[in-house]
Amino acid sequence: MTAVNEDTPAPSGRLRFRAGRYRGLIVAAVVLIALLVFNDVMSAGPMSYFEVSFISSGGATLAFAAAGQTLVILTGGFDLSAGAVVSLVNVVLATQLGDPSGGLVTGTLIGIGIGCLAGAFNGFFVAVMRLQPIVVTLSTMFIVQGITLFVMDKPGGMVPFGLSAALTQDAIPGLLPMPLVLIGVLILAWLWLKKTRFGTAIYAIGSDMDAARAQGVRVVWVRFWVYVLAGGCYGFAGVYISAQTGAGDPLVGNPMLLQIFAAVVVGGTVLGGGRGGVVGSIIGAYVLMIVVNILLVLNVSAYYSTVAEGLILILAVLAGALGRNARLATWLRQWARRLAARRHGHLPRQGARQAEFLRLPEREAAVVAATLPPFRVRHAEAIRYALPAYLCFVGVVLATQFVIGHALFSWTYYNSLLVLSSFLLILALGQGTVILTGGLDLSVPWIIGLCGILLTGLVNGQDGPLIYALPLVLGVGALIGALNGIGVAVLGLSPIVMTLAMNGILQGAALLYSQGTPAGYSAPLMRWFMTARPFGVTPVVWLVIGFVILSVVLLTRTPFGRRVYGIGNGQRVAALSGINVDRTLIAVYMLSGFCAALVGCLLTGFSGQASLGMGDEYLLPSIAVVVVGGTLITGGRGTYLGMVGGVLLLTALQTLLAGTTLPYATRAILFGLVVLGAVIALRERNT
């Protein structure tokens, strides 16, 4: 009789283990097969070679980029610079490759090299300097976008035909498309890498970085090279999309960020690291591409594509988190217990005992008040982190006086500065409060855009409808924020994933509502409020002053403000301290949505009408002013007055640049460098 080792799983147990381990990949593959079958049914016949070639080529760019993002996510990171790197490679190839008949080797090496350089930049600050991946890669995204605009500020150029022919046509005419060969090479490379010590280290770091370090894994170098490899994948994605389009477009990679994350998650890779793989992400990329194609075949407007991608991302994350310990399941159990306790009268507030507050005797209270440290001692830390922004602001004003003139002693300059600052001052409260809780709101751009489009469409150049239109639009912004908060607090989604998906959904909603061309004009009263100067002061300046005062009071003198700081210093500790974390987080995101909606309304008054993408340029600045003002990006520390200093500094800097001959792209690069420098400075003071 053969002896059986009790520690060795039975064959059925091993099968279940493997099925559980590769569940995401298996589900993605099943979905892909089902979509292909459905596509065959709609085309009323078996798939032709042309369709195979078309599908393999259409999803290849996203598959290459998603492969790079997968490597980063497996280590527990995020890379928001992927789409920007794709754009940079595209415009470089369209402008720098001169030989129209060749360029395969040269173009490929240039594209991969640019991607690797961007990845090395990210890897240095993330792995070596130990900065937050989200902030580093967001800064890199804007720096790379600025460089892209330097190379090419509008579509044009030409990609060599040799590059296009080699990458997009057939490897074996009539039998094997070249994109399938490239995807096959990528899969083989991943399967080899996965079995190396480096591949094992990637999974180890994503599962538990401290444990991996304790086991001798060189965490710094592994993370650094992961970002380099990821950049190389983005670079090749840029090469391939250049071969597809045959021309350059500085915005070609911008829509890809949402698609990349959706492809990775659909493919079964778990956000947070440690589980998943490149093969699943490749399948996820083709799933997304086929879904969009099916919508087009069904005559569904292309404007629904970003809505579909955002919903797919949210649903895929939720599906991957199903289980007894999922956030939603835990939340439902807690509410079931709360309802049962209410039914039996066991809730604390249902008892007869009244709340009692401990008070110090008057004599002891007087002693405590007398021994209270002075203001500068009590707030020394806040002053230390906020003061540099104000000092730099003074320096920029002096530089403006020297370069342009009419600044230092000119009320016109300060009035204009406050008007231009009004948008960021409002956004700083919403985005800053989210950051104080340890989150980030990436849905700000299209909350601004959608709400601006809604307002101009409702008022259509008249003052009367403002009575109901303005509250309605602000309510829409708060509602969007509430949905973000529910996704983060109740469903347990990452703030990055939830708000990025929401941004895509809102983009589609804005396109559908406006049909691609926003109609209507701002109300004359809004125009007067943002541009008139009765008694030398623009009316919005008074709003700004009142808003700053109320914001300071909100974050420093109210229970809501104390809860925000408590959550930022640790959600678990905050919950044990009696803070209703879920309710507070929902309120925080509602505040951010309200502030973004208000900015959208004010922007329509400033410019006279709404436009698609009117909020795009406010994403990084809304984060930059918070970080530059001394707020810790991981939450728990910062002041609104510090954020005000950051707003004044960046707006004054923007005004100075506008008065010079430097191109517009300089602003994006400068904002990215400023954020990166501020985060480095804060890190150095906390180590």
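Residues numbered from 1 in each chain as written. Predicted model: local features only at pLDDT ≥ 70, side-chain atom pairs only at ≥ 80, totals over all residues. Heavy atoms only, no water.

## Re the overall build of the chain
Helix and strand content of the chain: 31 helices and two strands. The buried share of the chain, taken over its 687 residues, is 50%. Within the chain, counting contacts between residues at least 6 apart in sequence, those at least 24 apart form 80% of the total. A total accessible area of about 32000 Å² is found for the chain, and carbon and sulfur atoms account for 67% of it. (Helix = DSSP H or I, 4+ residues; strand = E, 2+ residues; numbered from the N terminus. Buried < 20%, exposed > 50% of the residue type's maximum accessible area, 1.4 Å probe, protein only. Contact = heavy atoms within 4.5 Å. Areas by Shrake-Rupley, 256 points an atom, 1.4 Å probe, with all protein chains shown as cover.)

## Thoughts on the pattern of salt bridges
Under the defined criterion, the tally for this structure stands at one salt bridge. A salt bridge links D210 to R213, with the shortest nitrogen-to-oxygen separation between them at 3.3 Å. Highlighted residues: D210 and R213, both in helix α11 (residues 209-214), separated by three residues, approximately one helical turn. Classification of D210 by relative accessible area gives exposed; the value is 56%. (Salt bridge = Lys/Arg side-chain N within 4 Å of Asp/Glu carboxyl O.)

## Comments concerning a nonpolar patch on the surface
A cluster of nonpolar residues, L458, Y468, L472 and Y513, forms a patch on the protein surface that exposes about 390 Å² of accessible area. Taking the relative accessible area as the measure of exposure, Y513 reaches 42% and is therefore partly exposed. (Patch = residues over 30% accessible without salt bridge, like charges linked within 9 Å, V, L, I, M, F, W, Y side chains within 5 Å.)

## Here's the deal with the packing of aromatic side chains
For the structure shown, the criterion picks out 12 aromatic pairs. Summarising the aromatic geometry, the rings of F124 and F125 are spaced 5.1 Å apart at their centres and angled 80° between planes, so their arrangement reads as edge-to-face. Accessibility expressed as a relative area gives 12% for F125, which makes it buried. Considering the side-chain rings of Y413 and Y414, the 5.3 Å spacing of their centres and the 75° angle between planes classify their relative orientation as edge-to-face. Take Y414: its relative accessible area is 25%, and that puts it in the partly exposed class. Taken together, F64, F236 and Y240 form an aromatic cluster joined through their ring pairs. (Phe/Tyr/Trp six-rings, centres within 6.5 Å; stacked < 30°, edge-to-face > 60°.)

## Notes on the packing of helix α6 (residues 104-128) against helix α12 (residues 219-245)
Between α6 and α12, the shortest axis-to-axis distance is 6 Å and the interhelical angle comes to 150°. Of the possible angle classes, the one that applies to α6 and α12 is roughly antiparallel. Note that α6 runs across α12; the crossing there is right-handed. Classifying every residue of the contact of α6 with α12 by side-chain character gives 13 nonpolar, 10 polar and one charged. (Axes fitted to C-alpha atoms, helices over the stretch in contact; angles between N-to-C directions. Parallel < 35°, antiparallel > 145°, perpendicular 65-115°, else oblique. Left-handed = near helix turned anticlockwise from the far one by under 90°. Nonpolar A, V, L, I, M, F, W, Y, C, P; charged D, E, K, R; others polar.)

## As for a positive patch on the surface
A surface patch of positive charge is lined by R338, R562, R563 and R583. Among the secondary structure elements, R562 is positioned in helix α26 (residues 559-568). By relative accessible area, which is 53% here, R562 ends up exposed. (Lys, Arg positive; Asp, Glu negative; His and termini not counted. Charge placed at Lys NZ, Arg CZ, Asp CG, Glu CD.)

## Observations concerning the nonpolar core
Grouped together as the largest cluster of nonpolar side chains are 193 residues, with contacts concentrated most on F64, Y286, L313, I448 and Y640. When neighbours within four sequence positions are excluded, Y640 is seen to be in contact with L425, A428, L429, F547, V548, S551, V552 and L555. A482, V490, V581 and I586 belong to the second-largest nonpolar core, a separate cluster that totals nine residues. (Core = buried A, V, L, I, M, F, W, Y, C linked by side-chain atoms within 4.5 Å.)

## Digging into helix α7 (residues 133-151)
Compared with an ideal rise of 1.5 Å per residue, which puts 19 residues at 27 Å, α7 spans 26 Å between its outermost C-alpha atoms and is within 8% of the ideal. Most of α7 is tucked away: 14 of the 19 residues are buried. (Expected span 1.5 Å × (residues − 1).)

## As for the environment of F236
Looking at the element boundaries, F236 is found in helix α12. With relative accessibility at 16%, the residue F236 sits in the buried group. For the pair F236 and G68, spaced 168 residues apart in the sequence, the C-alpha separation amounts to 9.9 Å. If near-sequence neighbours (up to four positions away) are discounted, F236 is found in contact with F64, T108, I112 and L182.

## With respect to the packing of helix α21 (residues 444-459) against helix α23 (residues 495-514)
Remark: α21 packs on α23, axes separated minimally by 8 Å, with the N-to-C direction vectors making an angle of 20°. The orientation of α21 with respect to α23, classified from their angle, is roughly parallel. For α21 against α23, the interelement crossing comes out left-handed. Contacts between α21 and α23 involve P445, W446, I447, L450, I453, L454 and G457 from the first element and N503, L506, Q507, A509, A510, Y513 and S514 from the second. Of the residues assigned to the contact of α21 with α23, the class counts are 10 nonpolar, four polar and no charged.

## Some remarks on the side chain of D79
On the secondary structure map, D79 appears in the loop between α4 (60-74) and α5 (82-96). Reaching out from D79, the side chain makes a polar contact with the side chain of S81 at a distance of 2.6 Å. Only 3.2 Å separates the side chain of D79 from the side chain of Y234, close enough to count as a polar contact. (Polar contact = N/O pair within 3.5 Å; in protein donor to acceptor, adjacent residues only side chain to side chain.)

## Digging into the environment of A66
Here A66 shows up in helix α4. Residue classification places A66 among the buried residues on the basis of a relative accessible area of 0%. The spacing of A66 and C233 is 167 residues in sequence and 8.3 Å in space, taken between C-alpha atoms. Excluding residues within four positions of it along the chain, A66 makes contact with I260, A263, V264 and S281.

## What to know about α6
Look at α6: 34 Å from first C-alpha to last across 25 residues, which is about the 36 Å you get at 1.5 Å a residue. Where α6 is concerned, the buried positions are G107, T108, G111, I114, G115, A118, G119, N122, G123, F125, V126 and A127. The first or second residue beyond α6 is R130, which carries a positive phi of 60°.

## Observations concerning the side chain of T538
Considering the arrangement of structural elements, one finds T538 in the loop between α24 (524-531) and α25 (539-556). T538 gets classed as buried once you look at its relative accessible area, which sits at 2%. Sequence-distant contacts of T538, defined by excluding residues within four places in its chain, comprise N415, V419, F529, M530, T531, A532 and R533.

## Things to note about the state of the cysteines
Across all of its chains, the model carries zero disulfides by this definition. Of all cysteine sulfurs, the one in C116 lies closest to C233, which takes part in no disulfide; the gap is 8.5 Å. Residue C233 is classed as buried on the basis of its relative accessible area of 16%. (Disulfide = S-S within 2.5 Å.)

## Regarding unusual backbone geometry
In this structure, N460 takes a positive phi of about 50° despite not being glycine. The phi angle at F535 is positive, at roughly 60°, despite the residue not being glycine. With respect to the element layout, F535 can be found in the loop between α24 and α25. Given a relative accessible area of 87%, F535 falls into the exposed group.

## Considerations on the environment of G280
Relative to the assigned elements, G280 resides in helix α14 (residues 278-297). The spatial distance from the C-alpha of G280 to the C-alpha of A67 is 9.0 Å, given a sequence separation of 213 residues. Excluding its chain neighbours within four sequence positions, the residues that come into contact with G280 are L25, A263 and G267.

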